[in-house]
Every structure is written in structure tokens, then in C-alpha cells.
Amino acid sequence: MRLSKYVGNTPLIPIRLGRYTVWGKCEFMNPGGSVKDRMATYILNDAEGRKLIKKGDTLIEATSGNTGIAFAMLAAERGYKMKIVMPSNMSEERKQMLKFYGAGLIQVDPGDFDGAIETRDKLAESFGWFNCNQFHNPLNIEAHYKTTGPEINKQFRKSIMLDESWHNDWPQAFIAGTGTGGTIMGCGGYLKEQFPGMDLIAVEPAESAVMSGGEPGLHGIQGIGDGSKFLVDMDVINGVRTVHTECAKKVAKHLALKYGLFVGISAGANVMASFQWLRDNNKNTAITILCDRGERYFSCL
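It should be emphasised that the depicted structure is a prediction, and the values quoted were computed from it without experimental measurement.

Colleague: Lay out helix H1 (residues 36-49) in plain terms, naming residues and giving numbers.
Modeller: In a regular helix each residue adds 1.5 Å, so 14 residues correspond to 20 Å; H1 covers 20 Å between its end C-alpha atoms and thus fits that length. Looking only at H1, the buried set comprises Lys36, Asp37, Arg38, Met39, Ala40, Thr41, Ile43, Leu44 and Ala47. Downstream of H1 by one or two residues, Lys51 has phi in the positive range, about 55°.

Colleague: Residue-level account of a nonpolar patch on the surface, with values.
Modeller: A surface patch of nonpolar side chains, about 420 Å² in accessible area, is lined by Met1, Leu3 and Tyr6. Position of Leu3 relative to the elements: it lies in the segment before strand E1 (12-17). Using a relative accessible area of 48% as the deciding quantity, one classes Leu3 as partly exposed.

Colleague: Which residues make up the nonpolar core, and what values do they have?
Modeller: The biggest cluster of nonpolar side chains holds 36 residues, and the ones touching the most others in it are Leu44, Ile53, Leu59, Phe71, Met82, Leu98 and Phe130. Going through the elements one at a time, H1, strand E3 (58-62), helix H2 (66-78), strand E4 (81-87) and helix H4 (113-127) are the ones with two or more residues in this core. Ignoring anything within four residues of it in the chain, the contact list for Leu59 reads Leu44, Ile53, Tyr80, Lys81, Met82, Lys83, Phe130 and Cys132. Listed in part, the 29 residues of the second largest apolar core include Cys26, Phe28, Leu255 and Ile265.

Colleague: I'd love a proper account of the pairing of strand E2 (residues 20-26), names of residues and values included.
Modeller: In terms of burial, E2 is largely enclosed, as 7 of its 7 residues are buried. Residues Tyr20, Val22, Gly24 and Cys26 point to one face of E2 and Thr21, Trp23 and Lys25 to the other, with burial holding for every one of them. Pairing of E1 with E2 involves 6 bridges; the strand directions are antiparallel. Across the sheet, the residue bridging to Leu12 is Lys25, located in E2. Remark: 2 residues form the turn of the hairpin made by E1 and E2, two consecutive strands paired antiparallel; Gly18 in that turn has positive phi of roughly 65°. Pairing analysis gives 6 bridges linking E2 to strand E10 (residues 285-290), with the strands arranged parallel. Looking at E10, one finds that Cys26 is bridged to Leu290.

Colleague: Can you break down unusual backbone geometry residue by residue, with the values?
Modeller: Leaving glycine aside, a negative phi is the common case for residues, and trans is the common case for peptide bonds. Its identity is not glycine, yet Lys51 carries a phi of approximately 55°, on the positive side. In this fold, Lys51 is placed in the loop between H1 and E3. Of note, the phi angle at Asn282 is positive, near 55°, even though the residue is not glycine. With respect to the secondary-structure elements, Asn282 resides in the loop between helix H8 (265-281) and E10. Asn282 gets classed as exposed once you look at its relative accessible area, which sits at 59%.

Colleague: Account for the sheet that holds strand E8 (residues 199-205), naming residues and giving values.
Modeller: The strand order E1-E2-E10-E7-E8-E9 describes an open sheet built from 6 strands, whose pairing is mixed. Lying at the two open borders of the sheet, with one neighbouring strand each, are E1 and strand E9 (239-243). Mean inter-strand twist for the sheet, computed between neighbouring axes without regard to direction, equals 25°. Bridging between E8 and E9 involves 5 bridges; their strand directions are parallel. Bridging across to E9, Pro205 finds its partner in Val243. Set on the sheet, H8 makes contact with E1, E2, strand E7 (173-177), E8, E9 and E10; between it and E10 the angle comes to about 170°.

Colleague: Which residues make up the sheet that holds E3, and what values do they have?
Modeller: Spatially, E5-E4-E3-E6 is the arrangement adopted by the 4 strands of the open sheet, whose pairing is parallel. Every interior strand has two partners, whereas the edge strands, strand E5 (104-108) and strand E6 (130-131), have only one. Alignment of E3 against E4, held across 5 bridges, turns out to be parallel. Directly across from Glu61, in E4, lies its bridge partner Ile84. Packed onto the sheet, H4 meets E3, E4, E5 and E6 and runs at close to 160° relative to E3.

Colleague: Which residues make up the packing of H1 against H2, and what are the values?
Modeller: Two numbers describe how H1 lies on H2: the axes approach to 8 Å, and their chain directions differ by 45°. Between H1 and H2, the angle is such that the two are oblique. Between H1 and H2 lies a crossing whose hand is right-handed. Of H2, the residues touching H1 (which contributes Lys36, Asp37, Met39, Ala40, Thr41, Ile43, Leu44, Asn45 and Glu48) are Asn66, Thr67, Ala70, Phe71, Met73, Leu74 and Arg78.

What counts and what doesn't
Residues numbered from 1 in each chain as written. Predicted model: local features only at pLDDT ≥ 70, side-chain atom pairs only at ≥ 80, totals over all residues. Heavy atoms only, no water. Helix = DSSP H or I, 4+ residues; strand = E, 2+ residues; numbered from the N terminus. Expected span 1.5 Å × (residues − 1). Buried < 20%, exposed > 50% of the residue type's maximum accessible area, 1.4 Å probe, protein only. Patch = residues over 30% accessible without salt bridge, like charges linked within 9 Å, V, L, I, M, F, W, Y side chains within 5 Å. Areas by Shrake-Rupley, 256 points an atom, 1.4 Å probe, with all protein chains shown as cover. Salt bridge = Lys/Arg side-chain N within 4 Å of Asp/Glu carboxyl O. Core = buried A, V, L, I, M, F, W, Y, C linked by side-chain atoms within 4.5 Å. Contact = heavy atoms within 4.5 Å. Pairing = 2+ DSSP bridges. Axes fitted to C-alpha atoms, helices over the stretch in contact; angles between N-to-C directions. Parallel < 35°, antiparallel > 145°, perpendicular 65-115°, else oblique. Left-handed = near helix turned anticlockwise from the far one by under 90°.

Below, the structure written as C-alpha cells:
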């Protein structure tokens, strides 16, 4: 039995602060430690099903880290070679994890995701490597539409049936940071169908507020704010919240100290943006993603 058979079906837990409740999908409990396990598994399962890849082939992806870790884990599990292209300012823990799985690491300039993608595309074409193409792959959205969204819907409805105090607190927003945009478009799109009137709120670093009309910039919320909208359709996004890196770090530490949730910096940004949105809009309940584990950020915190 492959370990990747256990990707998904992560818990959905309530984080309460006064009258506000943010439900967090515990994606850090996936085998590879992040939400990116879903998309990576979905893309490779599809490629294997269509016989686009075979054991011994080389795969390549551009990433800020978690997607690379997910693909590296899967490549080790299934007998592929893995090449990762990553901006050099990502955490040392992420780089070491990739190497531990046996992936080859190619670094580009700090924050240069366009350069990472361009390098990936050139190498894939030159050597005939399989391009996982997370930033423009519709399977990225489909993975979350068919797995993450339905899981949250089922878990939320079951939870409120078991606790009468939540009966009137239907979720008013799905709030999530955007890297590729696959999670908010897939998971958020599904949930919006299940909960009419729900808002989709994108979260991005204040230092790289592209969706808010700003310019790409260096920041420390790894995994989101990669400098472009990529798969995000702004026509279906109801709002954008920005979070400063240092604020996201403080919330991540607070979640560990007060709730026992040892999560990463982007999860801190998601939780902070969610509670702020609820406060500012006089709402009670939101859903977000607890993207990854905190131990891959020790050198940053």
C-alpha cells in the first residue's frame, strides 16, 4: 500500500476567538506535511493513468517548497527522478527535505518565480522531462474541487449536527492564501456552490500585494504571493486581504502556544486574515486552510 493512498481526509477543527469561529482544514496532517500533497498526487495519478510517465522517468517542477516536497516524496515512492527549481530565499529546512527525498535542487535568484518557471520549462523541453506545471495546470484546481472541498462540506455539516451551538453559524467565507491559486479556485469554488452567498477571500503578503494592485516583492510568507495571479480568476474572488510577514509569523507562534497547532507562516496569515475579515464584516464563521507544518520554518522564525 502506497503512503500516498493516505493523502486527504484531514481533520477540520474550530478555532474560536470570542464570538468568531474559524474552521481550519488540517492539511499539515497529509503524509508530506502540506496541502500540496493533494495536487501533486492528483497530477501524478493522472499522468500515470494516461501513461505519460513510467518508472525511471525524470519529473521537474518550479516551487517555493511544499509542492516540491510533495513531488519529491511521490517520486521516491514511485521510482521517478525529481528535479526542483526554487528561488534561493526559501527556507533551509525546505531545501534539506527535498535533498533528503533524493530530489535534485536548482536554485534561481531570490523571489524570482518567473525565472524558476522559465528554467523549469526550458529544462523540461531540452531533456524531455515531465513538466508537472503546477502554476498553469487545471488539474491543480480539479484536485481541490473533487477532494478538499467535498471533505470540508461533509465535515462541517457533520460537526454542526453534533453541536447545537453551531446550528445557525453557516460559513460566510472561505479565506485562503494564494500561491498557484488552485486551492481557492477548486476548494473555494466547490464550497461556494454548497453554501450560497459564501464569499471567496484571497490572502496575499502585504509586501507582494499583486492582487491588490501592487507590485511583486520579497516577503517571508513562503507558499503564497509568488508574484502573479496564475490560476486565480479575480472575477469570482469577492475580496483580497493582505498580511505582513511579521504578523503572520506572530500568529503562527500564537497558534502553537495557545491552541497546540504547530503550523507554518502561511497558515498564520490565513488565520489572521480570517478573524480580521469576520470582525470587519460583522460575521461569525469562516473556513480556511492550515497549510503545512511549522518545523520547516525554524530558520525563519
